[in-house]
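# Commentary on secondary and tertiary structure
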Amino acid sequence: MSDCLFCRIVAGEIPATLVRESERTMAFRDIAPQAPTHVLVVPKDHYPDVAALSAQPALLAELVEQAHQVAADEGLGERGYRLVFNTGADAGQTVFHAHAHVLGGRALGHLA
Ligand code: 5GP
Ligand code: ZN
């Protein structure tokens, strides 16, 4: 059993509210939403952060496309949304399995 939280969610060992799935990604709602829409999009395989994921450009593109589809499905296609990859300590990354935050549904300010 992996000790990575998001690997365990991908494996179905920890419940999450799934909103979208593609061949190599999963999207589920953040447990502590910071905006009306707050969805996390993760690669099913483990990469510690987006820098590591960037070694797989096709997978990174799939993840960004899925994030956009999540936003569109949430009705944010017109009004917009924010895509965030926290990377490392100063950004406050707490889960070291690469993930994009899809945030929207309210005015987010210049920086979140
Ligand atoms: P980070 O701070 O690493 O960029 O983002 C980690 C995110 O994972 C946080 O927004 C946090 O609320 C979310 N999170 C932490 N534990 C869980 C969990 O068990 N389930 C879900 N769905 N989200 C979680
Ligand atoms: Zn993982």
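Presented here is a report on the structure given in the accompanying data block. (Residues numbered from 1 in each chain as written. Chains lettered and ligands numbered in written order. Predicted model: local features only at pLDDT ≥ 70, side-chain atom pairs only at ≥ 80, totals over all residues. Heavy atoms only, no water.)

## Considering the sheet that holds strand 2 (residues 25–29)
The criterion, for reference: Each pair of strands is called paired provided DSSP finds at least two bridges between the two strands. A run of DSSP states H or I qualifies as a helix once it reaches four residues; a run of E qualifies as a strand once it reaches two. Both are numbered from the N-terminal end. Angles here are taken between N-to-C directions and fall from 0 to 180 degrees, while the axes themselves are lines fitted to C-alpha atoms, restricted in helices to the stretch in contact. Residue contacts follow a heavy-atom distance rule, with two residues in contact if any of their heavy atoms lie within 4.5 Å.
The five strands lie next to each other as 1-2-3-5-4, forming an open sheet whose pairing is antiparallel. Taken across any chain shown, the strands that pair with only one partner, and hence form the sheet edges, are strand 1 (18–21) and strand 4 (82–84). For this sheet the average axis-to-axis angle between neighbouring strands, irrespective of direction, equals 20°. Here strand 2 runs beside strand 3 (residues 37–43); their pairing, made up of five bridges, is antiparallel. Bridge pairing links Phe28 to Leu40 in strand 3. Each of strand 1, strand 2, strand 3, strand 4 and strand 5 (100–104) touches helix 3 (residues 57–73); the most contacted strand, strand 3, lies at about 160° to it.

## A short note on the side chain of Asp49
How we decide: Three exposure classes are used, based on accessible area relative to the maximum for each residue type with a 1.4 Å probe and protein chains only: buried under 20%, partly exposed in between, and exposed over 50%. His is not counted here, nor are the chain ends, while Lys and Arg score as positive and Asp and Glu score as negative. Each salt bridge in this description consists of a side-chain nitrogen of Lys or Arg and a carboxyl oxygen of Asp or Glu lying within 4 Å of one another. Any pair of N or O atoms that falls within 3.5 Å is considered a polar contact. Within protein, one atom must be able to donate a hydrogen and the other to accept it, and sequence-neighbouring residues count only if both atoms are side-chain atoms.
When you line up the elements, Asp49 lands in the loop between strand 3 and helix 2 (50–53). No salt bridge forms around the buried Asp49; measuring N to O, its nearest opposite-charge neighbour Arg24 is 16 Å away. At 3.1 Å, the side chain of Asp49 forms a polar contact with the backbone nitrogen of Ala51. Among all residues touching Asp49, those that are not within four sequence positions of it are Thr87, Gln93 and Ala98.

## Details of the pairing of strand 1
Along any regular strand, the residues point their side chains to alternate faces of the sheet. Direction of pairing for strand 1 relative to strand 2: antiparallel, over a ladder of three bridges. Its bridge partner lying in strand 2, Arg20 is registered against Ala27. The loop that links strand 1 with its antiparallel partner strand 2 comprises three residues.

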